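Chains, contacts and geometry: an overview
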Protein chains: 2
Amino acid sequence: MSPVACAACPLRKRTIFTPFTAEEVVFMQKFKVGELSVDRGTTILMEGSNSPQLYTVLRGQGIRYKTLENGRRQVINFLFPGDFAGLQAGLMGEMKHSVEASSDMVLCVFDRGELWQMFRAQPGRAYDLTWISAVEEHFLGETIASLGQRDATQRVAWALLRMYERLSAVGLAVEGAVPLPFRQQDLADALGLSLVHTNKTLARLRELQLLNWRDGRLHIPARSELAKLALVDLEKPEIRPLM
Amino acid sequence: MSPVACAACPLRKRTIFTPFTAEEVVFMQKFKVGELSVDRGTTILMEGSNSPQLYTVLRGQGIRYKTLENGRRQVINFLFPGDFAGLQAGLMGEMKHSVEASSDMVLCVFDRGELWQMFRAQPGRAYDLTWISAVEEHFLGETIASLGQRDATQRVAWALLRMYERLSAVGLAVEGAVPLPFRQQDLADALGLSLVHTNKTLARLRELQLLNWRDGRLHIPARSELAKLALVDLEKPEIRPLM
DNA sequence: CGCGGGGTATGTCGCAGTTAAATGCGCGCG
DNA sequence: CGCGCGCATTTAACTGCGACATACCCCGCG
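Residues numbered from 1 in each chain as written. Chains lettered and ligands numbered in written order. Predicted model: local features only at pLDDT ≥ 70, side-chain atom pairs only at ≥ 80, totals over all residues. Heavy atoms only, no water.

Thoughts on the interface of chain B and chain A
With 49 residues of chain B at the interface, the matching set in chain A holds 49 residues. Summed over both partners, the interface of chain B with chain A buries about 5,000 Å², with 68% contributed by carbon and sulfur atoms. On the chain B side of the contact with chain A, Trp116, Ile144 and Gln149 of chain B bury the most area, a combined 16% of that side's loss. For the pair chain B and chain A, the number of links is 6 salt bridges. Residues Glu142 of chain B and Lys66 of chain A are paired through a salt bridge, measuring 3.0 Å at the closest nitrogen-oxygen approach. (Contact = heavy atoms within 4.5 Å. Buried area = accessible area lost by both parts, 1.4 Å probe. Salt bridge = Lys/Arg side-chain N within 4 Å of Asp/Glu carboxyl O.)

Side note on the environment of Arg217 of chain B
Residues and elements named next belong to chain B. Along the chain, Arg217 falls in strand S11 (residues 217-219). Take Arg217: its relative accessible area is 37%, and that puts it in the partly exposed class. Along the sequence, Arg217 and Pro181 sit 36 residues apart, while their C-alpha atoms lie 6.9 Å from each other. (Helix = DSSP H or I, 4+ residues; strand = E, 2+ residues; numbered from the N terminus. Buried < 20%, exposed > 50% of the residue type's maximum accessible area, 1.4 Å probe, protein only.)

Regarding empty space enclosed by the protein
All names here are of chain B. Scanning the model with the defined rule gives 7 cavities of 30 Å³ or more in all. Estimated volume of the largest cavity: approximately 110 Å³. Lining the largest cavity are Val75, Ile76, Asn77, Phe78, Thr143, Trp158, Ala159, Arg162, Met163, Ala190 and Leu191. Listing elements by their share of the lining of the largest cavity, those giving two or more residues are strand S5 (73-79), helix H4 (152-169) and helix H5 (184-191). Class assignment for the residues of the lining of the largest cavity results in 8 nonpolar, 2 polar and 1 charged. (1 Å grid on protein atoms, 1.4 Å probe; cavity = no way out; pocket = protein on both sides within 12 Å on 5 of 7 lines; lining within 4 Å. Points joined across faces, edges and corners; volume = space filled by probe spheres on them. Nonpolar A, V, L, I, M, F, W, Y, C, P; charged D, E, K, R; others polar.)

Topic: the sheet that holds strand S10 (residues 212-214) of chain A
Residue and element names in this part refer to chain A. Pairing within the open sheet is antiparallel, and its 3 strands lie in the order S9-S11-S10. Strand pairing shows two members of the sheet lacking a second neighbour, strand S9 (177-179) and S10, which therefore form its edges. On average, each strand axis in the sheet is inclined to that of its neighbour by 20°, with strand direction left out of account. Examined bridge by bridge, S10 and strand S11 (residues 217-219) share 3 bridges and lie antiparallel to one another. The partner of Arg214 across the bridge, within S11, is Arg217. (Pairing = 2+ DSSP bridges. Axes fitted to C-alpha atoms, helices over the stretch in contact; angles between N-to-C directions.)

As for the pattern of salt bridges
All told, the structure shown has 16 salt bridges over all chains when counted by the stated rule. We note a salt bridge from Glu137 of chain B to Arg64 of chain A, for which the minimum N-O separation is 3.5 Å. One end of the pair, Glu137 of chain B, is in helix H3 (residues 123-149); the other, Arg64 of chain A, is in strand S4 (residues 62-67), on a second chain. Among the ionic pairs, Glu69 of chain A bridges to Arg150 of chain B, the shortest N-O distance being 3.0 Å. One end of the pair, Glu69 of chain A, is in the loop between S4 and strand S5 (73-79); the other, Arg150 of chain B, is in the loop between H3 and H4, on a second chain. Taken together, the salt bridges that share partners define one network made up of Arg73, Arg183, Asp186 and Asp189 of chain A.

Topic: the protein's contact with DNA strand C
Close to DNA strand C lie 17 residues, the nearest being Ala152 and His197 of chain A together with Arg183, Gln184 and Asn199 of chain B. The sugar and phosphate moieties of DNA strand C supply 67% of its atoms located within 4 Å of the protein. Ala152 of chain A places a polar main-chain atom, nitrogen or oxygen, 3.0 Å from a phosphate oxygen of DNA strand C. Ser194 of chain A is positioned such that a nitrogen or oxygen atom in its side chain is 3.2 Å from a phosphate oxygen of DNA strand C. (Near = heavy atom within 4 Å. Polar contact = N/O pair within 3.5 Å; in protein donor to acceptor, adjacent residues only side chain to side chain.)

Shown next, in the form of structure tokens:
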């Protein structure tokens, strides 16, 4: 059965940051897999283009977004180490979204055309990918629920809390702070709010000492009630102070 | 390479409604795959439960939803022939969403535990599943964009148009009408709108002869400008009449 | 027959969230 | 040095959408 633990990159079965094994190097060569380093601000995938590459994030953060017909931008999700990108357009055809590096990034790249060969040679990779897709889909579902049913405060709290936990789990927390190199506009576009309102909400959360996000680093105090806030409906009077 | 056309069910490489081939029957037995018929209203998957089964829809429609902490419900997507359900919870663990039959349904069922064996024996299935996931993910991304950036009218227009096209493509359109056995409340919960507001929006779209949804059947007039409406921003004066 | 429940249809009102516009602040650059 | 530019912040005025209330329709049921 071998229920592989979250294997983010086809190259890595274990965790994100381990060095390559000899076996993995052979695999890399066979399937034309390589590493790619990009600078902050680089557009890795562009909507409308026809990229034959797939990526997994090894280090750094990025955002995956889509530009609508009316010019507005929707950030679909944020990319962290372990995430996958490039599949969304289907197994072929042009990309339906863009990916941009919010910090310097290191990516694991391989060819979409090799996927079929890879699955045949290594069914375990297919299993990994299915797993990753399932988790990804789960989070997209959560996001939909957030956009559809929660108010601004809950959305902001939920999003930041989730990112915080996600990055902490990968060991990126330093003294209770985690790197989050996004602009407030990125967060606003992800949550379907205006920049102004996002800002106000952040200010309130900061006042209440529920979180602190400055200079690209997010800090959440030890006994922060943020989790409650993100989940519980604000109707509840005991949480009400938030407004 | 064999870029398999959208193979909805592990049992069917071609289209949705073809009968099983002898080869497929052998496959069914080997991997303990079966068919399941359920009545309208049946809850197929329940959030919190621990179902070991995966499903693909062969016939009928359903909704996949999630109940939030505050009691509100978010419909994540609607299920049509060809759609996949049951994976979202990850490859194991309890379901994070529920699935309910909106009409009588016929499902293709198989065991999550067989997935690994199946992938090993038939890499093509893994490829299919990856494809399906990619398409699914694409639509979830679209939904997120809709919830985040579009107003009520655009959301309703977009959602109904998409379903209409989807079902037409599978040949379910009869005289320009397509079966859509959902309540307005379901649509509202999917779009993050109140029932009342959804209703009013539908009324306006009906007045403008852009669509007609009655008695579980959706009709869209041949030269309906619905598509424009769903995509173009209402700022444009020529579309403005809608308000 | 009357009664109740589920779904649909409309009107009014208030607030959360939007749009617009202006200020401050740090940084790279001619 | 001072100008421009990206980003964060703040204030003020407007509005889309949700909450609530009410009414209608169809159908099954005692």
